[in-house]
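Remarks on the overall topology
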Amino acid sequence: MDWDEFEEWGRYVSRWAADYHKSLRDLPVRAQTRPGDTIRGLAAAPPSQGQPMDAIIDDFERVVMPGMTHWQHPRFFAYFPANATPPSMIAEMLVTTIAAQCMLWQTSPAATEMETVMVDWLRQALALPEEYTGVIQDSASSATLSAVLTMRERAIDYTGNRDGLNGKGTLRIYCSEQVHSSIDRAAWIAGIGQENLVKLPTRSPRHELDVDALRAAIRGDRAAGHIPAGIITITGGTGVGASDDLAAVLDVARTEDLYTHLDAAWAGAAMICEEFREEFWAGVAGYDSIVINPHKWLGAQFDCSVQFLRDPQPQLNTLKIEPEYLKTTGAAVTNYSEWTIPLGRRFRALKLWFLIRSYGLEGLKARLRNHVRWANEICDVLRAMDGFDIVTEPMLSLFTFRCPGDDKDQQRLVDAINDDGRIYLTQGAFQGKKVIRFQVGQFETTREDVLFAADVIRDVWARMK
Ligand SMILES: *Cc1c(COP(=O)(O)O)cnc(C)c1O
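All of these numbers come straight from a predicted model, not from anything done at the bench.

**Observations concerning a nonpolar patch on the surface**
A cluster of nonpolar side chains, contributed by Ile90, Met93, Leu94 and Ile98, occupies part of the molecular surface with about 370 Å² of accessible area. Topologically, isoleucine 90 is positioned in helix H4 (residues 86–98).

**Re the domain arrangement of the protein chain**
A common way to state how big an interface is: give the accessible area lost once the parts meet. In terms of domains, the protein chain is made up of domain 1 (3–70), domain 2 (101–346) and domain 3 (360–464). Each of domain 1 and domain 3 has a C-alpha centre, and these two points are 31 Å apart. The interface is formed by seven residues belonging to domain 1 together with nine residues belonging to domain 3. Roughly 610 Å² is buried in total at the junction of domain 1 and domain 3, and carbon and sulfur atoms are behind 44% of that figure. It is Arg25, Val29 and Arg30 that lose the most area in domain 1 upon contact with domain 3, and together they represent 73% of the buried surface on that side. Our count for the domain 1 to domain 3 interface comes out at two salt bridges. Between arginine 30 and aspartate 419 there is a salt bridge, and its shortest N-O distance comes to 2.8 Å. Put simply, domain 1 and domain 3 have four residue pairs in polar contact (both at pLDDT 80 or more) between them.

**Let's talk about the packing of aromatic side chains**
Tallied over the full model, the rule gives 18 aromatic pairs. Seen in terms of ring centroids, tryptophan 16 and tyrosine 20 are 5.3 Å apart; in terms of plane orientation they differ by 5°. Their pairing is stacked. Linking tryptophan 16 with tyrosine 20, this pair stays in helix H1 (residues 3–22), spanning four residues, or about one helical turn. Among the aromatic residues, those joined into a ring-pair cluster are Phe77, Phe388, Phe399, Phe401, Phe438 and Trp461. Over the aromatic face of phenylalanine 452 sits the side chain of arginine 75, whose NZ or CZ is 4.2 Å from the ring centroid. Stacked on the ring of tryptophan 353, the Lys or Arg arginine 357 has its end atom at 4.8 Å from the ring centre.

**Notes on unusual backbone geometry**
For the peptide bond that leads from serine 204 to proline 205, omega is 0°, which places it in the cis range. Following the sequence through the fold, proline 205 ends up in the loop between strand S4 (202–203) and strand S5 (208–209). Here the bond from phenylalanine 302 into aspartate 303 is cis, since omega is 5°, no more than 30 degrees from zero. Among the secondary structure elements, aspartate 303 is positioned in the loop between helix H12 (294–298) and strand S9 (305–309). A positive phi is found at tyrosine 158, a non-glycine position, where the angle reads about 55°.

**Examining the UniProt feature "modified residue: N6-(pyridoxal phosphate)lysine" (unreviewed entry) in the protein chain**
Mapped onto this structure's residue numbering, the UniProt feature "modified residue: N6-(pyridoxal phosphate)lysine" (unreviewed entry) falls at Lys296. Position of lysine 296 among the secondary structure elements: in helix H12. Dropping the residues within four chain positions of it, lysine 296 is found in contact with Phe80, Pro81, Ala82, Asn83, Ala265 and Trp266.

**A short note on the nonpolar core**
One finds Tyr174, Leu214, Trp281, Ile290, Phe308, Leu352 and Leu396 to be the most contacted residues of the largest nonpolar core, which totals 65 residues. Of the residues that make up this core, three or more belong to each of domain 2 (101–346) and domain 3 (360–464). Each residue touching tryptophan 281, except ones within four places of it in the same chain, is listed here: Leu126, Leu128, Thr235, Leu246, Leu262, Ala264, Met271, Phe276 and Ile290.

**Quick word on the sheet that holds strand S1 (residues 133–137)**
If you walk across this open sheet you meet the seven strands as S1-S9-S8-S7-S6-S2-S3, and the pairing is mixed. Edge positions in the sheet fall to S1 and strand S3 (197–200), since each has one partner strand and no second. Across the sheet, the axes of successive neighbouring strands diverge by a mean angle of 20°, strand direction being ignored. Pairing analysis gives five bridges linking strand S6 (residues 227–234) to strand S7 (residues 259–263), with the strands arranged parallel.

**Thoughts on the sheet that holds strand S10 (residues 389–395)**
Strands sit in the order S10-S11-S13-S12 across an open sheet of four strands; the sheet is antiparallel. The strands lining the two open edges of the sheet, one partner per strand, are S10 and strand S12 (426–430). The sheet shows a mean angle of 30° between the axes of neighbouring strands, direction not considered. Pairing of strand S11 (residues 398–402) with strand S13 (residues 433–439), which is carried by four bridges, proceeds in the antiparallel orientation. Its bridge partner being in S13, threonine 400 is matched across the sheet by arginine 437. Packed on one face of the sheet, helix H15 (residues 407–420) meets S11, S12 and S13 and runs near 30° to S13.

**Regarding helix H10 (residues 246–256)**
Of the positions making up H10, those classed as buried are Leu246, Val249, Leu250, Val252 and Ala253. Down the axis of H10, the smallest arc covering the buried residues is 160°, so these residues share one side. More than 90 degrees from the buried face of H10, the exposed residues found are Arg254 and Thr255. One or two steps after H10, the chain reaches aspartate 257, where phi turns positive at roughly 55°.

**Thoughts on the side chain of serine 88**
If you trace the backbone, serine 88 turns up in helix H4. Judged by its relative accessible area of 0%, serine 88 falls in the buried class. Within the local environment of serine 88, its side chain forms a polar contact with the backbone nitrogen of glutamine 301, the two atoms lying 3.1 Å apart.

Parameters at a glance
Residues numbered from 1 in each chain as written. Predicted model: local features only at pLDDT ≥ 70, side-chain atom pairs only at ≥ 80, totals over all residues. Heavy atoms only, no water. Patch = residues over 30% accessible without salt bridge, like charges linked within 9 Å, V, L, I, M, F, W, Y side chains within 5 Å. Areas by Shrake-Rupley, 256 points an atom, 1.4 Å probe, with all protein chains shown as cover. Salt bridge = Lys/Arg side-chain N within 4 Å of Asp/Glu carboxyl O. Helix = DSSP H or I, 4+ residues; strand = E, 2+ residues; numbered from the N terminus. Domains from an automatic or database assignment. Contact = heavy atoms within 4.5 Å. Buried area = accessible area lost by both parts, 1.4 Å probe. Polar contact = N/O pair within 3.5 Å; in protein donor to acceptor, adjacent residues only side chain to side chain. Phe/Tyr/Trp six-rings, centres within 6.5 Å; stacked < 30°, edge-to-face > 60°. Lys NZ or Arg CZ within 6 Å of the ring centre and 35° of its normal. UniProt positions renumbered as here; feature names shortened; annotations may be inferred. Core = buried A, V, L, I, M, F, W, Y, C linked by side-chain atoms within 4.5 Å. Buried < 20%, exposed > 50% of the residue type's maximum accessible area, 1.4 Å probe, protein only. Pairing = 2+ DSSP bridges. Axes fitted to C-alpha atoms, helices over the stretch in contact; angles between N-to-C directions. Arc of directions from axis to C-beta.

Here it is in structure tokens:
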């Protein structure tokens, strides 16, 4: 392909993108294909000769598009959102075009310096103290793994990377039973082990970690000769939005000298709104590591996960490695690849710059506030429906409910709704029972889209009975 053809296809794709987004409401939200359909549509072997772009694009429409679930659909109420706002998509097109690998300051100074400033813009937006710096990672899973490795190394005087973990004693990390599976995986990969990730019970009304149980567990572990290494808290858990009492946990961490990591991957975005901070974020200042995903609710195209660090040194002591070929000379600069596990880095800060400049903080706040308001509205509509129960009340814009019947009926309703295709919901579990999750967070969703979901639920339920 030469650059004139590239220009032509680039125009075609821009037009296609706008048409696609404008027509989303007409498409089923979840892909309606069956396992193997896409495989059957693809050639079994690679072509030996080059093929024309129009044939490739035709096949893309015919074979690929039916097998896509539309995450930018305004009636997407499943999981959590992965919003790609138009300005952040434009930034990603530019990043794709320049295609720089931004591992070190000198491999693109603008990328590094913009990352420093964008992390600070977000720090201000979230009202975190000035001492916080941070780094943009690909995912909350990576940020959490970095924090867990740091907990491990700090607890054994930074000797694990050199010696391995043999003979180091049993390291223990504490969290509630509501944490995301990425915390389990971080404990596996860091050599802590599932059995040493101590999952404590929660309390009502915010499903928060029981701090008395936390204190007792740490005391018991010390008596048994184990090594407490860190505590992981959540603001806005994936299942039901569980949110820990950050101040109370921090108090324990300080008394016990434990490293702290806060997983606010989804709900952290909402903390740009002043009115949510007192309920959900009192005591946040002081956490050693905090992760929020602007690629979820805030609108930065996937992937973009910001890890704030109160002091980056423990994480640098854990992850920094500098072979000869990565050494740079001259003035002291930040090389963000020393803060994270992968060496290579995409230029992720540009889309934050485009996003925040384009909407302004007030524009972003207005959207989040609407989502929370509309989630409460539809929650009340479902509450009033015959035989339906709200299982967990809205935590920001997430709540869970049950239709009449047993666990199988909940799954049948979820499957029937998603086969219907007008909206998309997913199931969860709470206190051993299956629940249906509902979250509002798609960037272009309207109040009508949200209330329409109640009509679809009623309609599909009536057909199912
Ligand atoms: C989405 C989510 C994660 C995982 O985020 P990734 O960026 O996909 O790794 C972790 N914790 C919570 C609370 C989440 O909502």
